[in-house]
Amino acid sequence: MTTVLDPTGERKPSDWQRLERPTSLDGLTVGLLDISKPRGDVFLDHLQIRLEQIGAKVERFKKPTFSKPAPVDLRHEISTTCDVVIEALAD
Amino acid sequence: MTKPALPDGLVAFVKRDCPTCELVGDVLADIEARTGLTTYTQDDPAFPEAVNQRIDDTELSVSWHHDIETVPTLIRVENGAEVERIVGWSREQWEPFTGLEALGGGLPEWRPGCGSLSVDPNLANDLMVKFSGSEISSRRIVFAAQEDEFDSMFQRGWTDGLPVVPPTEARVLAMLNGTTRSPSEIVVVAPPDLVDCTVEKVAINAVMAGCKPEYLPVVLAAVEAVCNETFNMHGLLATTMPAGPVIVVNGEIRKRIGMNWSHNAMGQGNRANSTIGRALQLVIRNVGGGRPGEVDRATHGQPGKLGFCFAEDEEGSPWGPLNADLGGVAGEDAVTAFATCGTTLITDQLSREPESLCRSLAAGLLGMGNSKSVLGFDAMLVLGPEHASRFRDAGWSKEQLIERIVQLTERPGSELVRGAGGITEGIPAFMAEAENVPKVQPGGLMIAHAGSGAGLFSMLLPGWVSGEMGSQKTTVPIRP
């Protein structure tokens, strides 16, 4: 963990800022990321049904293993194809 | 942290990992027994075994605060104040220092000491952060364990497109050692956001750029030279032209910090040249907020906007230094800032007479921007040594050279008006009758001297909009 000194004029907050939350999922593409923990897919199957009922388009993704961060290509695919992402933890 | 006091009497600093300290262990015990001694031990609290009055300084606080550079060090303290110190082992010095005779029988007469742990290069910066009572006030930003710090700095928009050195507190404190100025001193109000820019902020960006501490005074002077009304850094950012500041360094400091004025002086490869110019641009980017596509509206930009700094070859020059031509004092350490749109080569490998070479140089100047654009240009001509020597041989002064080149850039209005030569660009038709329309404004041509000894070349640094409407070249002395 590295601590550095802010080189800027400090006119903006230093922490990453959250993207604005959508007010509705209607018409948006929601990515469901299965991190490959057992039965995470069961939870996501139900979420998919509920999301499609309220007009969202759903795309499913799966990490190769839960023990490592998602591969760069997968993260890129999710970020370029989805408006919103839900990541499922399960055990 | 306040400086820990030393006890009155004799005080020694030692470490086990020092053969000389090992050697004098019994001598220290002898001194302790005969006249009293307090021994601070830096690495092993049990060392030296023969001594009774040992104080654990493995934190190195006492050593750091009392500037111990060598072990063993002997200090005499009276009324809480240091009176005298000696380092290493020398019977000749130790006996009068302690007032004791026959010290260290059987030992060699003299042995040098070892480096104190408190100045160990691997520890010194961390000790400085710990003990110096840091005056650093910048926001601390903690990168998460899984963040790649170099990548994070790109993502936060702090870099110029190349990696930067992480500005840790230890590195910034080390950088601040390069100046006597207080970290909180406001150097300039940085454009375009008009943010108070402190010595500390400049130091942070200098670390990121890769500067050494001894470059910091030059970076500070460069920041001062461009962040003011007359140089108009905001205008340089906002223009669609590719203008950026070039920094020319004069004075002895060029040599002290190892700058380049010879082979490839304007190119890559010299740490001081490259990082000083880069640090200036990072200050403008990070503190001032001048970023491409935002306030920086350059159509193309140019590579010199990453940073452009070189030293003048004063020793090899037929003339005085550049800063002296602009109101500075010859021999003084100074930076000159000039708004330039890049670099252009002027070749002339055949001229041996000044007049012929002047004509080549003038022809180069005429090409700045558009050969039909005139009036109000500034330019810097950086003569290579082989070109400059043509004028030296003929005994020409710099003033004489400038006057002749400027004269040769004057052209009749009829050649320059719109439409002339089949080119729509040009000056308004009412100027068609003018006889001598100058390319450069009065006082607008600067001559500097740099480059290696081989090559019949000079470099033209075309200016941007000059004078009060644009940017005025600025010379600033470098302060420690």
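Small disclaimer: the values here were computed from a predicted structure and weren't measured.

**Student:** What is the right way to read the overall build of chain A from this model?
**Tutor:** Counting secondary structure elements, chain A contains 2 helices and 4 strands. Across chain A, helices and strands are ordered from the amino to the carboxyl terminus as β-β-α-β-α-β. Scaling as 2.2 N^0.38, a compact globule of 91 residues should have a C-alpha radius of gyration of about 12 Å, whereas chain A reaches 17 Å, well beyond that. Across chain A, the fraction of contacts at a sequence separation of at least 24, relative to all contacts at a separation of at least 6, is 77%.

**Student:** I keep staring at the domain arrangement of chain B and nothing clicks. Help me out?
**Tutor:** Many authors give the size of an interface as the accessible area that is lost as the parts come together. According to the domain assignment, chain B contains domain 1 (9-118) and domain 2 (153-477). A separation of 55 Å is found between the C-alpha centroids of domain 1 of chain B and domain 2 of chain B.

**Student:** Please clarify how the nonpolar core should be interpreted in this entry.
**Tutor:** Nonpolar side chains tend toward joint burial in soluble globular proteins. Residue and element names in this part refer to chain B. Membership of the largest hydrophobic core comes to 100 residues, with the highest contact counts inside it found for Val219, Ala222, Val223 and Val335. Considering every element that reaches this core, the biggest residue donor is helix α9 (residues 216-226), with 9 residues. Apart from the residues lying within four places of it in its own chain, the contact partners of Val219 are Val202, Ala206, Cys211, Ile276, Ala279 and Leu280. With 23 residues, the next largest nonpolar core counts Leu10, Cys18, Ile68 and Ile75 among its residues.

**Student:** I tried to follow the sheet that holds strand β1 (residues 9-14) of chain B on my own but got confused; where do I start?
**Tutor:** Think of a sheet as strands paired side by side through backbone hydrogen bonds, with each pair either parallel or antiparallel. All names here are of chain B. Spatially, the 5 strands line up as an open sheet ordered β3-β2-β1-β5-β6, and their pairing is mixed. The open sheet has two free edges, formed respectively by β3 (54-56) and β6 (81-87), since each of these has just one partner strand. Neighbour to neighbour, the strand axes of the sheet diverge by 25 degrees on average, direction disregarded.

**Student:** Explain the environment of Arg392 of chain B to me, please; I cannot follow it from the model alone.
**Tutor:** Following the sequence through the fold, Arg392 of chain B ends up in helix α15 (residues 385-393). Sequence separation between Arg392 of chain B and Pro354 of chain B is 38 residues; the distance between their C-alpha atoms is 9.3 Å.

**Student:** What exactly am I supposed to notice about the interface of chain A and chain B here?
**Tutor:** With 12 residues of chain A at the contact, the number on the chain B side is 25 residues. Inspection of the sheet shows strand β1 (residues 3-5) of chain A paired to strand β10 (residues 140-142) of chain B by 3 bridges, in the antiparallel sense. Among the inter-strand pairings, Val4 of chain A is bridged to a residue of β10 of chain B, identified as Ile141 of chain B.

**Student:** Can you help me understand the environment of Arg140 of chain B in this one?
**Tutor:** The topology assignment puts Arg140 of chain B in strand β10. The class for Arg140 of chain B is exposed, based on 12 C-beta atoms found within 10 Å. Considered as a pair, Arg140 of chain B and Glu169 of chain B are 29 residues apart in the sequence and their alpha carbons are 8.8 Å apart. Contacts of Arg140 of chain B, omitting those with residues within four sequence positions, involve Thr3 and Leu5 of chain A.

**Student:** Can you help me understand the packing of helix α8 (residues 199-209) of chain B against helix α12 (residues 271-287) of chain B in this one?
**Tutor:** Helix packing for two helices is described by the angle between their axes and how far apart those axes are. Residues and elements named next belong to chain B. Here α8 crosses α12 at 125 degrees, and the two axes come no closer than 8 Å. Here α8 is positioned oblique relative to α12, judged by the angle of their axes. Along this stretch, α8 crosses α12, giving a crossing that reads as right-handed. Of the residues in α12, those touching α8 at Lys201, Val202, Asn205, Ala206, Met208 and Ala209 are Thr275, Arg278, Ala279, Leu282, Val283, Asn286 and Val287. Partitioning the contact of α8 with α12 into residue classes produces 8 nonpolar, 3 polar and 2 charged.

**Student:** What's the story with the pairing of strand β12 (residues 195-198) of chain B in this structure? I'm lost.
**Tutor:** Two faces, one strand: in a regular strand the side chains alternate between the faces of the sheet. Residue and element names in this part refer to chain B. With 4 bridges connecting them, strand β11 (residues 186-190) and β12 associate as antiparallel partners. Bridging from a neighbouring strand, Ala190 pairs with Val195 of β12. Linking β11 to β12, which pair antiparallel, is a turn of 4 residues; within it Leu194 sits at a positive phi near 55 degrees.

**Student:** Would you mind showing me how to read the sheet that holds strand β2 (residues 29-34) of chain A here?
**Tutor:** All names here are of chain A. In spatial order, the strands read β3-β2-β4; together these 3 strands make up an open sheet with parallel pairing. A strand with exactly one partner marks an edge of an open sheet, and here the two such strands are β3 (57-62) and β4 (84-88). Put simply, the sheet's adjacent strands are angled 20 degrees from each other on average, direction ignored. For β2 and β4, the ladder comprises 5 bridges, and the chain directions are parallel. Bridging across to β4, Val30 finds its partner in Val84. Each of β2, β3 and β4 touches helix α1 (residues 40-53); the most contacted strand, β2, lies at about 170 degrees to it.

**Student:** What am I meant to see in the environment of Leu408 of chain B here?
**Tutor:** Residues and elements named next belong to chain B. Residue placement: Leu408 occurs in helix α16 (residues 398-408). Take Leu408: there are 18 C-beta atoms within 10 Å of it, and that puts it in the partly exposed class. Residues Leu408 and Arg256, 152 residues apart in the sequence, show an inter-C-alpha distance of 39 Å.

What counts as what
- Residues numbered from 1 in each chain as written.
- Chains lettered and ligands numbered in written order.
- Predicted model: local features only at pLDDT ≥ 70, side-chain atom pairs only at ≥ 80, totals over all residues.
- Helix = DSSP H or I, 4+ residues; strand = E, 2+ residues; numbered from the N terminus.
- Rg over C-alpha atoms; globule rule 2.2 N^0.38 Å.
- Contact = placed C-beta atoms within 7 Å.
- Domains from an automatic or database assignment.
- Core = buried A, V, L, I, M, F, W, Y, C linked by C-beta atoms within 7 Å.
- Buried ≥ 20, exposed ≤ 12 C-beta atoms within 10 Å, placed from the backbone.
- Pairing = 2+ DSSP bridges.
- Axes fitted to C-alpha atoms, helices over the stretch in contact; angles between N-to-C directions.
- Parallel < 35°, antiparallel > 145°, perpendicular 65-115°, else oblique.
- Left-handed = near helix turned anticlockwise from the far one by under 90°.
- Nonpolar A, V, L, I, M, F, W, Y, C, P; charged D, E, K, R; others polar.

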